[in-house]
Amino acid sequence: MKPQYKLLIGLLVMAGFLFYLRHTPPPIEEPVSSEEVIEGVSTAQPLELTEAQLARAQAFEADPKVVTTELEETTTQDTVIPGQIPPPFIQRMEQEGRTAVKVAKLTVEDRTVQLYLGDRPEREFYLYDVTGGMGPYWWGAWNLYSYHKLGDHFYEFALLDDGHKVGGRRYTGALGTFKIGKGGRDLEKIEFRGSVMQEGRVSAPVGTVGDFTTDAVGECQIPVGDYTAYYLAVTYDNLRISISHNYHTNAQGKPAMENTVYGMSVRQDTPYVLDFSNDPVVVFDQPALTETSFARGQEIEFAAVLVDPKLDVMIRGLDDSSVKEEQDLGNGETYQRDKSLDPTVVISRANGEVVAEGTMPFG
């Protein structure tokens, strides 16, 4: 391993003391939030449009270039997407006993798209690019109000007429450069892919958009605005770093979801460079700050997140792609994956006596 890797890994893993990183692999669709689940059953209901969504609807209604059409009602069983499996939200609706789906076909300038919506346009949405013959899908693509990249252009959509119509237009606002940087390190290969999001979970893809994926790039153009990482996979030579917005506890000890930091400022005249130049810190999510005393013999669960305190993004994983390890799927089968650079944990008493030590894996 090159010295610069060791420096970077040391910087990111030095906080492995009493460390358990809460990490799950990126799902193909954002899960239902906990406050909407009662005894394991989703209670998701249609939401009133937010202030930002209403503002977009008003802007669409005043824009003569917006193309609109009526939304037609169908069912999950009758939803057919050419050459595609049903989008995850369709499967989730069926599991929850919901079957009503709305569909529409729009041609915006030279691009024809087929749109599918459930009850929640901010996360029950799927776009099939008829012109391109594919279904772009990345973290945030399930939000109608995200910036959807089709070909060389971004497109915007909005519900109109109390949800009876949908409108679309090509995004004509300013674009800015978002790039991955070396941060002064001696690196040969640097690239990233995934997506970033603005307030309201309005997202933009990072990388070359393909069918159910984005391919890695060194830089890309996205609509100007203030973002945080939705989910980004970064390559620094053999080191793979995965990050997302922090949804646990921030560096100030407050709930991160209530204090989201949109610190990635993309501007038309100044590129935003993500280079991991901020020293990461470990923030304990468990025990809660209010738990200050414990009974003798009580089992205590420690859980922590490794975060960039300035951007408040969570480092979800570190992997060395030059080394492979066998991963058990739990059903008797295994597969090869990049070696996870798990931190070593030492738990000791106040007098220095070691109580336990070992490797604490990401996950």
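To start, this report covers the structure provided alongside it.

Conventions and cut-offs
Residues numbered from 1 in each chain as written. Predicted model: local features only at pLDDT ≥ 70, side-chain atom pairs only at ≥ 80, totals over all residues. Heavy atoms only, no water. Phe/Tyr/Trp six-rings, centres within 6.5 Å; stacked < 30°, edge-to-face > 60°. Helix = DSSP H or I, 4+ residues; strand = E, 2+ residues; numbered from the N terminus. Buried < 20%, exposed > 50% of the residue type's maximum accessible area, 1.4 Å probe, protein only. Contact = heavy atoms within 4.5 Å. Pairing = 2+ DSSP bridges. Axes fitted to C-alpha atoms, helices over the stretch in contact; angles between N-to-C directions. Core = buried A, V, L, I, M, F, W, Y, C linked by side-chain atoms within 4.5 Å. Patch = residues over 30% accessible without salt bridge, like charges linked within 9 Å, V, L, I, M, F, W, Y side chains within 5 Å. Areas by Shrake-Rupley, 256 points an atom, 1.4 Å probe, with all protein chains shown as cover. Salt bridge = Lys/Arg side-chain N within 4 Å of Asp/Glu carboxyl O. Arc of directions from axis to C-beta. Polar contact = N/O pair within 3.5 Å; in protein donor to acceptor, adjacent residues only side chain to side chain.

A short note on the packing of aromatic side chains
Consideration 1: For the coordinates displayed, the defined rule picks out 12 aromatic pairs.
Consideration 2: Taking the centre distance of 5.3 Å and the plane angle of 80° together, the rings of Trp 139 and Tyr 230 count as edge-to-face. Remark: Tyr 230 occurs in strand E17 (residues 225-236) and Trp 139 occurs in the loop between strand E7 (125-129) and strand E8 (148-150); sequence separation between them is 91 residues. With respect to burial, Trp 139 and Tyr 230 carry one shared label: buried.
Consideration 3: Measuring from ring centre to ring centre gives 5.8 Å for Tyr 236 and Phe 276, while their planes differ by 85°; the resulting arrangement is edge-to-face. Within this pair, whereas Tyr 236 is found in strand E17, its partner Phe 276 is found in the loop between strand E20 (272-274) and strand E21 (281-286), the two being separated by 40 residues in sequence.

A few points about the environment of Leu 160
Consideration 1: Summarising the element assignment, Leu 160 is placed in strand E9 (residues 153-160).
Consideration 2: Sequence separation between Leu 160 and Leu 71 is 89 residues, and the spatial gap between their C-alpha atoms is 9.9 Å.
Consideration 3: Discounting residues that sit within four places of it in the chain, Leu 160 has contacts with Ala 57, Phe 60, Glu 61, Thr 68, Lys 165, Val 166 and Gly 167.

Let's talk about the sheet that holds strand E16 (residues 219-223)
Consideration 1: Taken in spatial order, the 3 strands of this open sheet run E16-E11-E20, and their pairing is mixed. Two strands in the sheet have a free side with no partner beyond their single neighbour: E16 and E20. The average undirected angle you get between the axes of adjacent strands in this sheet is 30°.
Consideration 2: When strand E11 (residues 175-180) meets E16, the two strands line up antiparallel, connected through 5 bridges. Each residue of the ladder has a partner; that of Gly 176, found in E16, is Ile 222.

Structural notes on the nonpolar core
Consideration 1: Of all hydrophobic cores here, the largest spans 54 residues; its most connected members are Phe 178, Val 196, Ile 222, Ile 241, Ile 243, Met 264 and Leu 274.
Consideration 2: Broken down by element, the residue count for this core peaks at 6 residues, all from E9.
Consideration 3: Among the nonpolar cores identified, the runner-up in size contains 19 residues, and Phe 89, Ile 90, Trp 142 and Met 197 belong to it.

Side note on unusual backbone geometry
Consideration 1: Of note in the backbone geometry, Glu 109 takes a positive phi value of approximately 55° without being a glycine.
Consideration 2: The class for Glu 109 is exposed, based on a relative accessible area of 52%.
Consideration 3: Phi angles above zero are rare outside glycine, and Phe 276 is one such case at about 55°.

Remarks on the pairing of E11
Consideration 1: Two elements, E11 and E20, share 3 bridges in a ladder whose sense is parallel. Among the inter-strand pairings, Lys 179 is bridged to a residue of E20, identified as Val 273.

Some points on a nonpolar patch on the surface
Consideration 1: A cluster of nonpolar side chains, namely Phe 284, Phe 294, Ile 300 and Phe 302, defines an oily patch on the protein surface of about 310 Å² accessible area.
Consideration 2: In this fold, Phe 284 is placed in strand E21.
Consideration 3: On the basis of relative accessible area, Phe 284 is assigned to the partly exposed category, the value being 32%.

Overview of helix H2 (residues 51-61)
Consideration 1: Among all positions of H2, only Gln 53, Arg 56, Ala 57 and Phe 60 are buried. Across the axial projection of H2, the buried residues extend over an arc of 100°, all falling on one side. Exposed residues pointing more than 90 degrees away from the buried face of H2 are listed as Glu 51, Ala 52 and Gln 58.

Quick notes on the pairing of E7
Consideration 1: Burial analysis of E7 places 5 of its 5 residues in the buried class, which makes it a mostly covered element.
Consideration 2: By the alternation rule, side chains of E7 split into Phe 125, Leu 127 and Asp 129 and Tyr 126 and Tyr 128, which are all buried.
Consideration 3: As paired elements, strand E6 (residues 111-117) and E7 share 5 bridges and run antiparallel to each other. Bridge pairing in E7 places Val 113 opposite Asp 129.

Observations regarding the sheet that holds strand E4 (residues 72-75)
Consideration 1: If you trace the 4 strands from one edge of the open sheet to the other, you get E4-E5-E6-E7, paired in antiparallel fashion. With one partner strand each, in any of the chains shown, E4 and E7 form the two edges of the open sheet. Averaged over all adjacent pairs, the angle separating strand axes in this sheet is 30°, with direction ignored.
Consideration 2: Taken together, the 4 bridges between E4 and strand E5 (residues 100-108) define a ladder with antiparallel strand orientation. The partner of Thr 74 across the bridge, within E5, is Val 101.
Consideration 3: Strands in contact with helix H3 (residues 88-95) are E5, E6 and E7; relative to E5, the strand with the most contacts, it is inclined by about 160°.

Here's the deal with the side chain of Asp 237
Consideration 1: When you line up the elements, Asp 237 lands in the loop between E17 and strand E18 (239-245).
Consideration 2: In this structure the side chain of Asp 237 is engaged in a polar contact, spanning 3.1 Å, whose partner is the backbone nitrogen of Glu 188.
Consideration 3: From its side chain, Asp 237 meets the backbone nitrogen of Lys 189 in a polar contact 2.6 Å long.

Overview of the pattern of salt bridges
Consideration 1: Here the structure, examined in full by the defined rule, presents 18 salt bridges.
Consideration 2: A salt bridge links Arg 56 to Glu 156; the nearest nitrogen and oxygen atoms lie 3.8 Å apart. Residue Arg 56 is located in helix H2, and its partner Glu 156 is located in strand E9; the two are separated by 100 residues in the primary sequence. For the pair shown, Arg 56 and Glu 156 are each scored as buried.
Consideration 3: The closest approach of N and O atoms between Glu 124 and Arg 92, which form a salt bridge, is 3.1 Å. Placement of the pair is Glu 124 in the loop between E6 and E7 and Arg 92 in helix H3, with a sequence separation of 32 residues.

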